[in-house]
Amino acid sequence: MCGIWALFGSDECLSVQCTSAMRIAHRGPDAFRFENVNGFTNCCFGFHRLAIVDQLYGMQPLRIKKFPFLWLCYNGEIYNHHTLRKQFDFDHQTKVDGEILLHLYDRFGIQKMASLLDGVFAFILLDTANRKVFLGRDTYGVRPLFKLFTDDGFLAVCSEAKGLTDITHAAESPANIVPLLPGHFEAFDLKPNGKVQSAQMELFHCCTKEPAHADYDAVEMLPTGLDDEAVRSNIRALFENAVRKRLMGQRRIGCLLSGGLDSSLVAATLVKLAKEDKLPYSIQTFAIGSEDSPDVLAARKVAAHIGSEHHEVNFTAEEGIQAVDEVIYHLETYDITNIRASVGMYLISKYIKEKSDSVVIFSGEGSDELTQGYLYFHKAPTPEAAADDSVRLLKELYMFDVLRADRTTAAHGLELRVPFLDHRLTAYYLSLPEEMRTPRYGVEKHLLRDSFKGLNLIPDEILWRRKEAFSDGIMSVKKSWYVCLQEHMESMVNNDQMEKAHQTFPHNPPPSKEAYYFRQVFEKHYPGQAEWLSHYWMPRWMDASDPSARTLSLYTPDKDQ
């Protein structure tokens, strides 16, 4: 996890503008660099480093002797950099995974470069020889990137929107801060005065397509049959490969463990592969919740089963409520379910930073979207409708679960890794027949669960544990976390404010006092930026007024909760 920031064609003094780059300092606590571009006095890069790979030569903007005209700032991990280096016989100057971008760009151009990257990334690439600036972002937007582009050609780019809100410019009309869309790159022509002109915006990879880098993958060609055993075997092979490739790095690895299916599969596979690779430490797992929360109890069982060094963080409603303001500041959203779930993840990330030496953190994000894990999928009218909604959710991850996972960990200088969003795993899973991927026998994610049946990787009761949202499972069924929030917000927002909510907030008007309070806090930090969120996350195919699964008619608590 790092923080990247750049300006092209600034009309303001750079020493003034660069103070905005410090608003993302939390993303890279190990080092900071601010560097002008030779020949372009109004262009510059800012970089906050979290050192994971190549401690000596990993500072950015990355430049190498072979390509003195290329400047690269990127945030992410390229898992296949060794494979590509060997495949194309590149002569690397450093051990930095991102150096592969420079060689691929020089050899193949920006489109093929981006499509060959197996990893998570956001990059800013400057080519002064050809007067080009390129921005790019990974398929699911696991790594964030925002831009501010004025009508007179000034471009500002940052990992988080907060690094752009105080940027000044001379353009007469206001400029919006918008995210770069996942799976896309954008090319700009660089003018002699440092200003830019947008020349091309293109999709280089979609989640439903086999990635171009699959041709060079360590996993051999998979059996193409659709019989149950072949499919289950392929899912296991791709998932294990997704975890294995993410072991890359020189900092200690840990894992978030809620005790649900997804995080348990990640943690168990991680512990297994760490032993095989003879990592010189045990894997730390981390759970958060109230003392009687179903998540804490389930995570305890999983940790004992897999033999991890387990940490539990006790969480009270009062502590969570106190953290809401900070959480919204880091998230840059007012989405209801995102904020609820982020509080626990923010507090456990804080614990990891302060009480452990784990820096690289594995997590289970992406599985619910990929494998139709949300309870509302039981109500899908057809398998085709369910499959379409699964793809929709994956394409919107950058506004919801992936945003939450990135910001809550980055706020404390941690690096997130999400194996369920591996390009090959997701492309394969989405290629399977629609009816194979739907809930079966009243059980969501049946295909995923069935793929790991009988292996004793995790306890059977966890393998078949019903879906419980992270924002719900951290507290007992007797009183959910969302209920604690709603009760507190009842006194923070009055009825008159709610009656005028549509006038006060015409874009995405808050449907409840809780949502109204979240919106007030958001507007305090980011006034006038409500359009960063296009819509609230809500269940489909049922009359839902709240995103919590515990409010749905088909929710039934496990008997031990």
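Just above, that's the structure.
As the structure is a prediction and not an experimental result, all values here were calculated from the model.

Participant: Just checking my understanding: could you explain the pattern of salt bridges for this structure?
Facilitator: A side chain with one charge may pair with a side chain of the opposite charge, provided their charged atoms come close. If you walk through the whole model with that rule in mind, you get 47 salt bridges. The salt bridge involving Glu276 is made with Lys272; its shortest N-O contact spans 3.4 Å. With Glu276 and Lys272 both in helix α6 (residues 261-276) and four residues apart, the pair spans about one turn of that helix. The partly exposed category is assigned to Glu276, whose relative accessible area is 44%. Owing to a relative accessible area of 31%, Lys272 belongs among the partly exposed residues under this scheme.

Participant: Whenever I open this one, the packing of aromatic side chains confuses me. Can you help?
Facilitator: Ring pairs (aromatic) are described by centroid distance and by the angle formed between their planes. Counting across every chain of the model gives 29 aromatic pairs. When the centroid spacing of 5.7 Å and the interplanar angle of 85 degrees are considered together, the rings of Phe239 and Phe452 count as edge-to-face. Remark: Phe452 occurs in the loop between α15 (446-451) and α16 (460-463) and Phe239 occurs in helix α5 (residues 228-245); sequence separation between them is 213 residues. Given a relative accessible area of 6%, Phe452 falls into the buried group. For the pair Tyr376 and Phe377, a centre-to-centre distance of 4.8 Å together with 15 degrees between the ring planes defines the contact as stacked. Residue Tyr376 is classed as buried on the basis of its relative accessible area of 1%. Of the residues examined, Phe377 reaches a relative accessible area of 2% and is grouped as buried. Feature note: the residues Phe146, Tyr329, Tyr334, Phe522, Tyr526, Trp532 and Tyr536 constitute an aromatic cluster, connected by ring pairs. For the cation-ring pair, Arg63 lies above Trp71, with the distance from its terminal atom to the ring centre recorded as 3.7 Å. Just above the ring of Tyr329 sits the side chain of Lys162; from NZ or CZ to the centre is 5.0 Å.

Participant: I keep staring at the sheet that holds strand β14 (residues 309-314) and nothing clicks. Help me out?
Facilitator: Whenever strands of a sheet pair, they do so through backbone hydrogen bonds, lying parallel or antiparallel. Strand order across the open sheet formed by five strands is β14-β13-β12-β15-β16, with parallel pairing between neighbours. Two strands lie at the open edges of the sheet, namely β14 and β16 (415-417), each paired on one side alone. Pairs of neighbouring strands in the sheet enclose a mean axial angle of 30 degrees, with direction left out of account. Where strand β15 (residues 360-362) lies against β16, three bridges are found, and the strand directions are parallel. Bridge pairing links Ile361 to Leu416 in β16.

Participant: What exactly am I supposed to notice about the sheet that holds strand β2 (residues 31-37) here?
Facilitator: Strand order in this open sheet of six strands is β2-β3-β1-β8-β7-β9, and the pairing throughout is antiparallel. The open sheet has two edge strands with one neighbour each: β2 and β9 (177-179). Taking the axes of each pair of neighbouring strands and ignoring which way they run, one obtains an average angle of 15 degrees across the sheet. Pairing of strand β7 (residues 146-149) with β9 involves three bridges; the strand directions are antiparallel. Within β9, the residue paired with Lys147 across the bridge is Val178.

Participant: Sorry if this is basic, but what is going on with helix α8 (residues 317-331) here?
Facilitator: Since the α-helix packs 3.6 residues into each turn, any two residues three or four apart lie on the same face. For α8, spanning 15 residues, the distance from its first C-alpha to its last is 20 Å, which sits close to the expected 21 Å at 1.5 Å a residue. Along α8, the helix axis deviates most sharply at Val324, where the bend reaches about 45 degrees. At the exit of α8 stands Glu332, carrying a positive phi of roughly 65 degrees.

Rules and cut-offs
- Residues numbered from 1 in each chain as written.
- Predicted model: local features only at pLDDT ≥ 70, side-chain atom pairs only at ≥ 80, totals over all residues.
- Heavy atoms only, no water.
- Salt bridge = Lys/Arg side-chain N within 4 Å of Asp/Glu carboxyl O.
- Helix = DSSP H or I, 4+ residues; strand = E, 2+ residues; numbered from the N terminus.
- Buried < 20%, exposed > 50% of the residue type's maximum accessible area, 1.4 Å probe, protein only.
- Phe/Tyr/Trp six-rings, centres within 6.5 Å; stacked < 30°, edge-to-face > 60°.
- Lys NZ or Arg CZ within 6 Å of the ring centre and 35° of its normal.
- Pairing = 2+ DSSP bridges.
- Axes fitted to C-alpha atoms, helices over the stretch in contact; angles between N-to-C directions.
- Expected span 1.5 Å × (residues − 1).
- Bend = angle between axes of the 7 residues up to and from the residue.

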